[in-house]
Each structure stands twice: as structure tokens, then as C-alpha cells.
Amino acid sequence: MNTIPSLLLAYLDPGSGSFILQLLVATLFGAAVIVKAYWAKIVAFVRRDKKAEPADPSNNDPLNK
Amino acid sequence: MTSDVQPLAASFRDPSGFLFTRQGVLYRQVNQLYRENYDRLMTSGLAEKLIRGGWLIPHTEVDAPPADASLAYKVIRPELLDFISYPYEWSFSQLQDAALNTLAIQKMALESGMALKDASAYNMQFHHGRAVLIDTLSFEVYREGEPWVAYRQFCQHFLAPLALMAYTDVRLSQLLRVYIDGIPLDLAARLLPGKTRWDLGLATHIHLHAAAQQRYSDKAINKNAQTRKMGRTAFIGLMDNLESTVRKLQWKPAGTEWGDYYDASAGHYTSDAMQEKRQAVSDFLARIQPKSVWDLGANTGVFSRLASVQGIPTVAFDIDPAAVERNYRAVKQAKESALLPLVLDLTNPSPAIGWCNRERHSLLERGPVDAVLALALIHHLAISNNVPLPRLAEFLSQAGQWLVIEFVPKEDSQVQKLLATREDIFPDYTPQGFETAFGAYYMLRERFPLKASPRVMYLMERRG
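This one's a predicted model, so the numbers in the text were calculated from it and none came from an experiment.

Quick look at the pairing of strand β5 (residues 72-78) of chain B
For a regular strand, the rule is simple: side chains alternate between the two faces of the sheet.
Residue and element names in this part refer to chain B.
No. 1: For β5, a buried count of five out of seven residues is recorded, marking the element as mostly surrounded by other parts of the structure.
No. 2: Across four bridges, strand β3 (residues 25-31) lies against β5 in antiparallel orientation. Across the sheet, Q29 pairs through a bridge with V75, a residue of β5.

Below you can see the structure in the form of C-alpha cells.
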């Protein structure tokens, strides 16, 4: 069954313009995903830092124990 | 194919399989061509996850013979919907939820190494109050590097109509009735206000997209070239951006003439008359115990709920997109599962459209139901639209076996308002004329004059 090329299933015409545009813009949107992920990490790191200062015995954060 | 096997007229584009009925039971044939994808969908746990979460219509694999054995891999039996509705019958939030659910399904599919190979609005249906994917064969194994084949379809079926409804006019959803494969992006780009060019998502997915389509309209591209690759992160980024673009679009139901119809300030309905009317409709429903109801001219669904709260599948049709929007938001908030609000102009109900006029069904082809409610409706059709009472009776009798109808006489303030600006050319619009016209199609079962209003409630059963 692996001999059937995937194009057989792509029964929709993606359209040349739509195809090209995706390739152009998706890289930028993908970069945004990476930036967002790093940003989330930075925010989480800063928050964790803040939380660590006033020791809260009820905090379940393993770093606080 | 034996004569009791009927392939569905709308199910022909995708060679992965098709829907058919045998002796009235609906099946989906999965073709050998789709085998690898179907097996991945089922064994990866994706199908189970989507079905359990209410994203995908449940199905069972059955032993039933296929409709076309030469192509068949498997036969599955999908769970049935109460009612098939179409995107041009949805309010803004309904189309938006269908779009967001499509993208949510796409994300879950990616986590299981699959992707949607189409993004048709017609593949989404409202089932128990939620927009679910009904095409089990929409998934394909994701191949890293390949762009999203359904990007154009998603923009045409979802993003363009939503942007037009939000930025230009909510009534432009009706363009979907003309363009069965979604609104052409060049048309959407022309109809949208210039300020949408400053929105990154709309600028990209509609304006630039339309320009790219025009520029490359007659150019073939080599889709397999090594340089034409779109990595997984880029793929996810595209989905993320589509999602935030769709989510940002807003439309608020305000300033329409019927949105506040039931508000106390509307004046023409005393709360006593309202209470009496509720009681009459409840009593009639208790007597006939319908299994399905259409409420025609339902406004925000106050009376539809007398049926739907009992678990009776009920469709609440109204011409006003604001009323339907409010109704849908209420359905969503209260997680109501039996009520489906839809936009419909009864003077021009949804026709049969698409290939051979058989892909999307007309309103009447999707009936009949057990009971039709026609409350505070008759004067709009008989007087505003000049429909003679016998023709109105004929139409309603085609829609359902039982009819709960409110006769609104000429002395009623609402009818007076309609007649204020025009000649009264309706000598037969009287209680007697009404009973005679409807008597030709129905047997009158109950008659209930409201005490606090000149209106009369009737319960009728279709003849024959």
C-alpha cells in the first residue's frame, strides 16, 4: 500500500498561489511559534524566581521544597 | 450495486470513500486507497481521542457488504445527526465555532502524526449543540515538509465569510449559498474595508492570498522540488495564526428590529398573553408527543425550548441573524443539546444546490418533522409577502404532520403596523378565511383563543 503516492489522496487542488503563499508566510508564523515558546519559558522562569523569594509552605513547586 | 443501495449525492469528490444507504441505513465505505490513513487514525488513538472529546462523529466498523466491493477496504456506520444544516444557515458564532473546531482537530491530528486533507465547512455539523467533524475520512498521514493542502479551502469556507460578516455585513454569509466551495478570495478582498489590510492575519490569508492566487493563476509549480518545503514548526505557526485571526473576529447582535421582540418594552405582548401562549404550546406538545420539531420564526427560541428541554430534537429557524446569534449563544452557555438555531428566510427557504442540484438539500427535503410551530408568523408571510392562505397551508403541511399555529387577526397591533403603509388587499385574512384555507390541508384538533390578546392558537393534524 505504501506504493500509492500521497498525491492520490490530495483530491483538493491546493492552488498554485495558495501553495506559494503558504511557503512564504508559514516560516514567519513558525518563527513566531518559537519566539512565543521562548517567551513563555522566560516568563515562567521569572515567575518561578519571584515565587521562590517568599517561602510559601503550601507551594507544591518542587523547587521550593 | 443492488437497487436498494444508494450512494449519497454529496459524497463523490474524495476517492477515499463515500457514504451510501442500504435499506435506509447510512454507511460509509472506506476504500483501499485510504487504508494506510484509516488504520493510522484508528490505531494511533486519534479517533478515540477525538470521538471521546466530542470533536468527531462516532462510528462503528460493521460487517455490512460494501456498496462497491472492487474498491472497498472497510464499511463503517456513523452515528446519525438529528438534522443536517449548512454554513449559509449558521449565525456568526456558529460558523466561527465550526472554524475553530476544525483548527483544534487539526492540532490534535498533528500530535498523532496526521493532518486534515480538507477543511470544508460542510464537513462540520452541529450535533448535540456542538460543531463536530462528520467526515471520518478527512485525515491523512502528515508528511513533514508538505504545506497544508486545505489552506485555500479553509480560507474560502471559513475565514472569508467570517471576515465579511464581522467587517462588512453579517448578511454576506449568504454568499456561501452562491459559492458552494466558499467565497472566492478576490471577491472577499474587494468587499472588505481597507482597514483589514492592517490586520496581519486578514492581510495575509485574504488580501495577499487573493493577490498570490491571481499572480500564479496560470502557472504550474513543481510541488515536489526540494526547495518547496514547509517544516512542522512552520505548519504549526500557520495553524496558530489562522486560529488567532479567526478568534479575533467579532460580531455583536445589536440594533436589529427583532432582537428585542420579547423584551417587555416591545409592548404588543402582555405577559399574560405570553403566559397563555406558553401554556397552549406546552399542552399541545404534551398531547402530540413529537419526536422532532421545527419552530418557524422562532426568534430567540423561547417557544422552541418548550420542546427541546424535553429532549425533542428541535430546530429554531429565524430570518434575523441577531436572534439566531443570541439563541446559539444561549444554547452554548447552557450546553443545550436538543436545540439547533438556524438562519432561514421562509419566503425563500434554502434551495437544493450543488452538482445536479443534489449536493445540499432544500429545506423541505430535510423534513418532514413530526410537528411544526408557526407562532406569530402568519402575518409576516400572508401580509408582508402576499402569500395566499391556502398556499401557506400547503407549504406548512409539507413540512410536518402536526401544526401548532397562531392566527394573528387584522385588529392586532402587529398586523395594523404592517397594513399602515400599504393597501389592504387581503379580504380573506379573517379567522373564517384562515380556518377554511387550512381546513383543506389539516384537520382542526384544538382551538385556543388567548384571553389577553385577539390572537387564537390552533393545533392541527395533516389530512391523509
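Here the narrative resumes, following the displayed structure.
Description of the interface of chain A and chain B
No. 1: Facing the 28 residues of chain A at the interface are 45 residues of chain B.
No. 2: Carbon and sulfur atoms make up 72% of the surface buried where chain A meets chain B, a total of about 3,200 Å² over both sides.
No. 3: The interface formed by chain A and chain B contains zero salt bridges.
No. 4: Applying the counting criterion to the chain A and chain B interface returns five residue pairs in polar contact (both at pLDDT 80 or more).
No. 5: For the side of chain A that touches chain B, the per-class residue count stands at 18 nonpolar, eight polar and two charged.

Concerning the environment of V315 of chain B
Residue and element names in this part refer to chain B.
No. 1: You can see V315 is positioned in strand β11 (residues 314-318).
No. 2: The spacing of V315 and A298 is 17 residues in sequence and 8.8 Å in space, taken between C-alpha atoms.
No. 3: Not counting the four nearest positions on each side in its chain, V315 is found in contact with F83, V293, W294, D295, L340 and L342.

Some remarks on helix α9 (residues 271-288) of chain B
Residue and element names in this part refer to chain B.
No. 1: End to end, α9 covers 26 Å across 18 residues, agreeing with the expected 26 Å (1.5 Å per residue, within 8%).
No. 2: Among the residues of α9, those classed as buried are A273, M274, E276, K277, A280, V281, F284, L285 and I288. Looking straight down α9, one finds that the buried residues subtend no more than 165° of arc, so they occupy a single side. Residues S271 and D272 are exposed on α9 and point more than 90 degrees away from its buried face.
No. 3: Buried residues along α9 sit against α10 (304-308), β13 (369-374), β14 (400-407), β15 (442-449) and β16 (456-462).
No. 4: One or two residues past the end of α9 sits Q289, with phi positive at roughly 45°.

Looking at the packing of helix α3 (residues 92-111) of chain B against helix α11 (residues 321-333) of chain B
Residue and element names in this part refer to chain B.
No. 1: Close contact between α3 and α11 brings their axes to 8 Å; oriented N to C, the two are set at 50°. As summarised for this structure, α3 and α11 are arranged oblique, according to the angle between their axes. Residues F92, S93, Q94 and D97 of α3 form the contact with α11, whose own contacting residues are V324, E325, Y328, R329 and K332.
No. 2: Residues that form the contact of α3 with α11 fall into these classes: three nonpolar, two polar and four charged.

Structural notes on empty space enclosed by the protein
All names here are of chain B.
No. 1: Per the stated rule, a full pass over the model turns up two cavities of 30 Å³ or more.
No. 2: Taken as a whole, the second largest cavity encloses approximately 50 Å³ of empty space.
No. 3: Lining the second largest cavity, in full, are T102, I105, L116, D118, A119, S120, N123, M124, L133 and S138.
No. 4: A breakdown of the residues in the lining of the second largest cavity according to their chemical character gives five nonpolar, four polar and one charged.

A word on the sheet that holds strand β12 (residues 339-343) of chain B
All names here are of chain B.
No. 1: Taking strand neighbours across the sheet as the criterion, the seven strands line up as β12-β11-β10-β13-β14-β16-β15 in an open arrangement whose pairing is mixed. Whereas interior strands pair on both sides, the edge strands pair on one side only; in this sheet they are β12 and β15. Within the sheet, the average angular offset between the axes of one strand and its neighbour, ignoring direction, is 15°.
No. 2: Looking at chain direction, strand β10 (residues 293-296) and β13 are connected through four bridges and run parallel. When the bridges of β13 are listed, L296 appears paired with A374.
No. 3: The sheet contacts of α11 involve β11 and β12, and relative to β12 the element is tilted by about 160°.
No. 4: Its contacts with the sheet put helix α15 (residues 431-439) on β14, β15 and β16, and the angle it makes with β14 is roughly 175°.

Definitions and limits used
Residues numbered from 1 in each chain as written. Chains lettered and ligands numbered in written order. Predicted model: local features only at pLDDT ≥ 70, side-chain atom pairs only at ≥ 80, totals over all residues. Heavy atoms only, no water. Buried < 20%, exposed > 50% of the residue type's maximum accessible area, 1.4 Å probe, protein only. Helix = DSSP H or I, 4+ residues; strand = E, 2+ residues; numbered from the N terminus. Pairing = 2+ DSSP bridges. Contact = heavy atoms within 4.5 Å. Buried area = accessible area lost by both parts, 1.4 Å probe. Salt bridge = Lys/Arg side-chain N within 4 Å of Asp/Glu carboxyl O. Polar contact = N/O pair within 3.5 Å; in protein donor to acceptor, adjacent residues only side chain to side chain. Nonpolar A, V, L, I, M, F, W, Y, C, P; charged D, E, K, R; others polar. Expected span 1.5 Å × (residues − 1). Arc of directions from axis to C-beta. Axes fitted to C-alpha atoms, helices over the stretch in contact; angles between N-to-C directions. Parallel < 35°, antiparallel > 145°, perpendicular 65-115°, else oblique. 1 Å grid on protein atoms, 1.4 Å probe; cavity = no way out; pocket = protein on both sides within 12 Å on 5 of 7 lines; lining within 4 Å. Points joined across faces, edges and corners; volume = space filled by probe spheres on them.

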